[in-house]
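# Remarks on the overall topology
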Amino acid sequence: MINAFTRVTLIGAALLSAQALAWNNEMTLQDTKKLTLDAQSLSALNVAAGSGFLHIVGSNTDTVTVKAEIYQYEAHDNYCLTLDKSGNSAKLTANNCDNHSEDHTRIDLTVSLPATFLLDITDGSGESSIENSAETSIHDGSGAIIINNISGQLTIEDGSGAITASNITDSVNIHDGSGSIELANTQGDVIIHYGSGNIDVQNIVGKVTVTDGSGGIYVNKAGSFTLLADGSGSVTIKNVPVQNL
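Residues numbered from 1 in each chain as written. Predicted model: local features only at pLDDT ≥ 70, side-chain atom pairs only at ≥ 80, totals over all residues. Heavy atoms only, no water.

### Examining the overall build of the chain
Along the backbone of the chain there are 1 helix and 17 strands. Taking all 245 residues of the chain together, the buried fraction comes to 46%. Intrachain contacts of the chain at a sequence separation of at least 6 include 41% that bridge at least 24 residues. Surface accessibility of the chain: about 10,900 Å² in total, with carbon and sulfur atoms responsible for 48%. (Helix = DSSP H or I, 4+ residues; strand = E, 2+ residues; numbered from the N terminus. Buried < 20%, exposed > 50% of the residue type's maximum accessible area, 1.4 Å probe, protein only. Contact = heavy atoms within 4.5 Å. Areas by Shrake-Rupley, 256 points an atom, 1.4 Å probe, with all protein chains shown as cover.)

Next comes the structure, spelled out in structure tokens:
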């Protein structure tokens, strides 16, 4: 059950540290780079990331700052790492340049940016932690996702990995292949299309609609609840108006 979403930052940090430790047994930190971009005329960040963790934190700042830690088996420059302006958006690219070389690179990213920025993220693999941003869209291959304090809509398309999200001021739409989903404190409607794993949803002002393949469903406090499809697993509903069930 969800019982301590205020600790999401600490949980995220623990996950990222654990993953970094595991990765360090495979690759060696070869370089650390810092990228900056004046954000005063910008309103969004687009991210195209490959493998590695991604940690984004919004705050009262007028600069986009990226710390990139480069992990490789042997040092080389056969990778892409750029932070550029494109219209009213910043664009961060951190990957293997879509090539098929055996010179693999993992790039761990820590990003600071204005809390008012919209986020559009495409991420290959590795944990993602996002807090204090505006409308956020995530296209993720694999790895845990932890999200806290989003001022706007949240959209997630995820292949696999646990999803934990809290304090969303607008609607939430999640399409997920596998892995648990924990969601709390959302002001808008919630739509979840899900393959397998447990779903835990609490304190939702709007409607909750679930299409589920397998796994338990727990809903506590919502404007209404609709189960469109359920393959297997228990369903527990609490504190939802009976007339809407």
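### As for the pairing of strand β9 (residues 128-142)
Relative to β9, strand β3 (residues 54-59) is paired through 4 bridges, and the arrangement is parallel. Each residue of the ladder has a partner; that of V57, found in β9, is E131. In terms of strand pairing, strand β8 (residues 118-125) meets β9 through 6 bridges, oriented parallel. For D123, the partnering residue across the bridge sits in β9 and is D140. With 12 bridges connecting them, β9 and strand β10 (residues 145-160) associate as parallel partners. Bridge assignment links S142 to a residue of β10, and that residue is S160. (Pairing = 2+ DSSP bridges.)

### Observations regarding the packing of aromatic side chains
The geometry of an aromatic ring pair is captured by two quantities: the separation of the ring centres and the angle between the planes. If you walk through the whole model with that rule in mind, you get 0 aromatic pairs. The side chain of R106 reaches across the aromatic face of Y71, ending 3.9 Å from its centre. (Phe/Tyr/Trp six-rings, centres within 6.5 Å; stacked < 30°, edge-to-face > 60°. Lys NZ or Arg CZ within 6 Å of the ring centre and 35° of its normal.)

### Section: the nonpolar core
Counting 53 residues, the largest nonpolar core has L45, V64, L92, L109, V111, I147 and I192 as the members making the most contacts within it. Sequence-distant contacts of I192, defined by excluding residues within four places in its chain, comprise I174, I181, I199, V201, T209, V210 and T211. (Core = buried A, V, L, I, M, F, W, Y, C linked by side-chain atoms within 4.5 Å.)

### A few points about the side chain of D140
Mapped onto the secondary structure, D140 falls in strand β9. The buried charged residue D140 lacks any salt bridge partner; its closest oppositely charged side chain belongs to R106, at an N-O distance of 13 Å. (Lys, Arg positive; Asp, Glu negative; His and termini not counted. Salt bridge = Lys/Arg side-chain N within 4 Å of Asp/Glu carboxyl O.)

### Digging into unusual backbone geometry
Positive phi is not limited to glycine here, since N185 has a value of about 60°. By the secondary structure assignment, N185 is in strand β13 (residues 181-186). Judged by its relative accessible area of 28%, N185 falls in the partly exposed class. The phi torsion at N203 lies on the positive side, around 60°, for a residue other than glycine. Residue classification places N203 among the partly exposed positions, given a relative accessible area of 33%.

### Description of the environment of G143
Looking at the secondary structure, you find G143 in the loop between β9 and β10. Note: C-alpha distance between G143 and E127 (16 residues apart in sequence) is 4.7 Å. Residue contacts for G143: discarding those within four places in its chain leaves G126, D158, S160, G161 and A162.

### Side note on the state of the cysteines
Evaluated as defined, the whole model comprises 1 disulfide. Disulfide pairing places C80 opposite C97 at an S-S distance of 1.9 Å. Taking the torsion about the sulfur-sulfur bond, which here is approximately 125°, the covalent link between C80 and C97 counts as right-handed. One end of the pair, C80, is in strand β5 (residues 80-86); the other, C97, is in the loop between β6 (89-95) and β7 (106-114), and 17 residues separate them in sequence. (Disulfide = S-S within 2.5 Å.)

### Side note on the pairing of β13
Each regular strand carries side chains that alternate between the two faces of the sheet. Bridging between strand β11 (residues 163-168) and β13 involves 5 bridges; their strand directions are parallel. From the neighbouring strand, I168 faces β13, where its bridge partner is T186. In terms of strand pairing, β13 meets strand β15 (residues 199-214) through 5 bridges, oriented parallel. If you follow L183 over to β15, its bridge partner there is V201.

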